[in-house]
Amino acid sequence: MAALLLLPLLLLLPLLLLKLHLWPQLRWLPADLAFALRALRCKRALRARALAAAAADPESPEGGCSLAWRLAELARQRPAHTFLIHGSRRFSYSEAERESNRAARAFLRALGWDGGPGGSDSGAGSAGEGERAAPGAGDAAAGSGAGLAGGNGAARGGGAAALLAPGTTVALLLPAGPEFLWLWFGLAKAGLRTAFVPTALRRGPLLHCLRSCGARALVLAPEFLESLEPDLPALRGMGLHLWAAGPGTHPSGISDLLAEVSAEVDGPVPGYLSSPQSITDTCLYIFTSGTTGLPKAARISHLKILQCQGFYQLCGVHQEDVIYLALPLYHMSGSLLGVVGCLGIGATVVLKSKFSAGQFWEDCQQHRVTVFQYIGELCRYLVNQPLSKAEHGHKVRLAVGSGLRPDTWERFVRRFGPLQVLETYGLTEGNVATINYTGQQGAVGRASWLYKHIFPFSLIRYDVTIGEPIRDPRGHCMATSPGEPGLLVAPVSQQSPFLGYAGGPELAQGKLLKDVFRPGDVFFNTGDLLVCDDQGFLRFHDRTGDTFRWKGENVATTEVAEVFEALDFLQEVNVYGVTVPGHEGRAGMAALVLRPPHSLDLMQLYTHVSENLPPYARPRFLRLQESLATTETFKQQKVRMAEEGFDPSTLSDPLYVLDQAAGAYLPLTPTRYSALLAGDLRI
């Protein structure tokens, strides 16, 4: 009897002996287990959907690609449920299915296919990438689907002369709106690839994007025609077929695609038209910023589309939730996580063509929004708004996104709560993502063994001086210790592939690391430095390109920015490194925006910086601005700011320099600038 009583204590003894070491992580075990179970259920559900689609009749819409069969499934299961709200317009899942069918038929007609009212003409061929996928493809997607029946590779029928060829890429240059979605879904159903072109691109960058993805047609918004007029000769010279998404007086050779779409019947199209040969076939291009400054066309596969259907399920969002989406649809966060994630759970999305901080809470009240998807600085814009009645009594319970800084996080929850913030991390072309399912402030996820078993990744030691991982004498990489910044990498496999970019293999140079932990293994290099603390929480540290060297030390821009943001008179901060003639490395520079009605207190700023940052990390230059420059996805512009430098003769903004001898930040006058270049002013 005594032995039976002692047995539990003996079993617990190892934990008791190691409690001081393990407790920080064990205390989160219930949350880790709960999320692991949710992730496994999500994967199982997606796999079941994929296998059901593989077994479906190829003539039915349920036999198509993952977007096609999910839309058809929702139109059957929840026909009257609202899918999309845009301004005063509302669309049910049934209407979304019919609108995308019309768009698909318009594109199929451009392929020379005419399936008739029923959409089941046996003479239709596939615009996909090949024949039926190999058995077992459904198991390839950790949540993945199977490729389905293809056709004979050539469209034929009684239609007019073909404007497009099977498998063609059609680029969309459109603002966020219903038409963007119907055309995207229609292209997917027609077996054509889509390229999402950032709406601000013109001239060289625009032409580069269209060439890199091999686009053969471009659909553009009528309101963009005026700014695109100088580009039209080059676009025609590329042999692009040009459509306008709406009526108006269009230049010669540009027809109204929406008029063609509206003339089509809304019956379903056969699934085999869009079924891919392989789940890893490319179905979409999303452009990411390149190291040369020109965007790169990241390949998005059917597998990734399917996996993104599970995003909101992983976040704990339900089909009765209303999701507020004010992000560009040409960005992965807006299209794949926002829209495809909404399709995954069959919820409602409130789509805004442009984010308005002043209108946000009124919109949330009007549409009874429960979930808000953010990126970059959106939450900062909201906390910097004046108080309003609409921000009280709202239904928002969850904010999901990425790029929320710790200082804004705390202010956002304190002012607009109670609500949960769920910070995530991921890359458009990446094969790894993290989710901070515990809501721990400042973290982007967890590195528990459970999470890494389901979604494997590692943090490895990295030398920012040479821009390479640190390897041991055997040539293998080394894992970091708790609290040590490390490069985030993830193993490349059939379940987690890296497809690279459209164009030459040189575009993916540096994205794959070999022999990381054992000979022959291959890992995806995210290019991001993260830190894992002793509790297993992951925190973003810096981009490898943003971290810079000064006085022989590494300076993380995010850490410096967090110190500045603690000052109550500063509203926004952007930290970057600038080249200084006669000095090695890069000196820190901070662009600052004041919080109204405060003024710049240089004495307090210098004291605060001196007390909270080591000498090498203290910015040598300050630039006072009315507002910070950001990208269209609300990320801070660092490269452009670094290129603009600190020359007072070329910049109209007030500039300041850290005078070491005076122990203060002083105005950077032309005299002091000349003294700096001559080496007479020590920084």
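It should be noted that the structure appears before, not after, this text.
Residues numbered from 1 in each chain as written. Predicted model: local features only at pLDDT ≥ 70, side-chain atom pairs only at ≥ 80, totals over all residues. Heavy atoms only, no water.

1. So, the sheet that holds strand E29 (residues 655-659)
Test applied: Here a strand pair is declared whenever DSSP counts at least two bridges between the two strands. To qualify as a helix, a DSSP run of H or I must reach at least 4 residues; to qualify as a strand, a run of E must reach at least 2; elements of each kind are numbered from the N terminus. Axis definition: a line fitted to C-alpha atoms, limited for helices to the stretch in contact. Angles are taken between N-to-C directions and run from 0 to 180 degrees. Whether two residues are in contact is decided by their heavy atoms: any pair within 4.5 Å suffices.
Read across the open sheet, the 5 strands follow the order E26-E27-E28-E29-E30; overall the sheet is mixed. Every other strand in the sheet has two partners, leaving strand E26 (570-578) and strand E30 (664-667) as the edge strands with one partner each. Across the sheet, the mean angle from the axis of one strand to that of its neighbour is 25°, orientation sign disregarded. Of the pairings in the sheet, the one linking strand E28 (residues 621-624) to E29 comprises 3 bridges and is antiparallel in character. When the bridges of E29 are listed, Leu622 appears paired with Tyr656. Relative to E26, helix H18 (residues 557-565) is tilted by about 150°, and along the sheet it contacts E26, strand E27 (587-594) and E28.

2. Re unusual backbone geometry
Of all residues except glycine, most have a negative phi; of all peptide bonds, most are trans. Geometrically, the link from Gly417 to Pro418 is a cis peptide bond, its omega value of 10° lying close to zero. Here Pro418 is to be found in the loop between helix H16 (406-416) and strand E14 (420-426). Here the bond from Pro596 into Pro597 is cis, since omega is 0°, no more than 30 degrees from zero. The residue Pro597 is located in the loop between E27 and helix H19 (602-612) in this model. Of note in the backbone geometry, Arg203 takes a positive phi value of approximately 55° without being a glycine. Relative to the helices and strands, Arg203 is located in helix H7 (residues 203-212).

3. A closer look at the sheet that holds strand E15 (residues 433-435)
Judged by pairing direction, the sheet is mixed, and its 8 strands sit side by side in the order E2-E1-E11-E10-E12-E13-E14-E15 without closing on themselves. A strand with exactly one partner marks an edge of an open sheet, and here the two such strands are strand E2 (89-92) and E15. Going from strand to strand, the sheet's axes swing by 20° on average, the running direction of each strand aside. Here strand E13 (residues 398-402) pairs with E14 via 4 bridges, running parallel. Directly across from Gly401, in E14, lies its bridge partner Glu423. On the sheet, helix H13 (residues 332-345) packs against strand E1 (82-86), strand E10 (322-325), strand E11 (348-351) and strand E12 (371-375) and is oriented at approximately 170° with respect to E10. Docked against the sheet, helix H14 (residues 360-367) engages E1, E2, E10, E11 and E12, running at close to 155° with respect to E10.

4. Observations concerning H18
Short version of the rule: Under the scheme applied here, a residue whose accessible area is under 20% of the maximum for its type counts as buried, over 50% as exposed, and between as partly exposed, the area being computed with a 1.4 Å probe on protein chains only.
Where burial is concerned, most of H18 is hidden: 7 out of the 9 residues are buried. What H18 keeps buried is the set Thr557, Thr558, Val560, Ala561, Val563, Phe564 and Glu565.

5. A look at the packing of aromatic side chains
Quick reminder of the rule: Aromatic rings from Phe, Tyr and Trp, with only the six-membered ring used for Trp, were paired whenever their centres fell within 6.5 Å, and each pair was classed as stacked if the ring planes differed by under 30 degrees, edge-to-face if by over 60, and tilted otherwise. Whether a charge sits over a ring depends on NZ of Lys or CZ of Arg being within 6 Å of the ring centre and within 35 degrees of the ring normal.
What the rule picks out here adds up to 28 aromatic pairs. Between Tyr606 and Tyr665, the aromatic rings sit 6.2 Å apart at their centres with planes inclined by 75°, giving edge-to-face as the arrangement. Of the two residues, Tyr606 is situated in helix H19 and Tyr665 in strand E30; the sequence distance between them amounts to 59 residues. What makes Tyr665 buried here is its relative accessible area of 3%. Of note, Arg202 hangs over the ring of Phe224, and the distance from its end group to the ring centre comes to 5.1 Å. The ring of Tyr501 carries Lys296 above its face, with NZ or CZ at 4.2 Å from the centroid.

6. Topic: the pattern of salt bridges
Just so we agree on the cut-off: Take a side-chain nitrogen of Lys or Arg and a carboxyl oxygen of Asp or Glu: if they are within 4 Å of each other, that pair is a salt bridge.
Enumeration according to the criterion identifies 26 salt bridges in this entry. Between Arg474 and Asp472 there is a salt bridge; the shortest N-O distance is 3.7 Å. With a closest N to O distance of 2.5 Å, Asp528 and Arg543 form a salt bridge. A residue pair is termed long-range when its members are at least 10 positions apart, and Asp528 in strand E22 (residues 522-532) and Arg543 in strand E23 (residues 537-543) qualify at 15 residues. By relative accessible area, Asp528 is classed as buried at 2%. If you follow the salt bridges from partner to partner, you end up with Arg98, Glu99, Arg102 and Asp266 in one network.

That is the geometry; function is a separate question.
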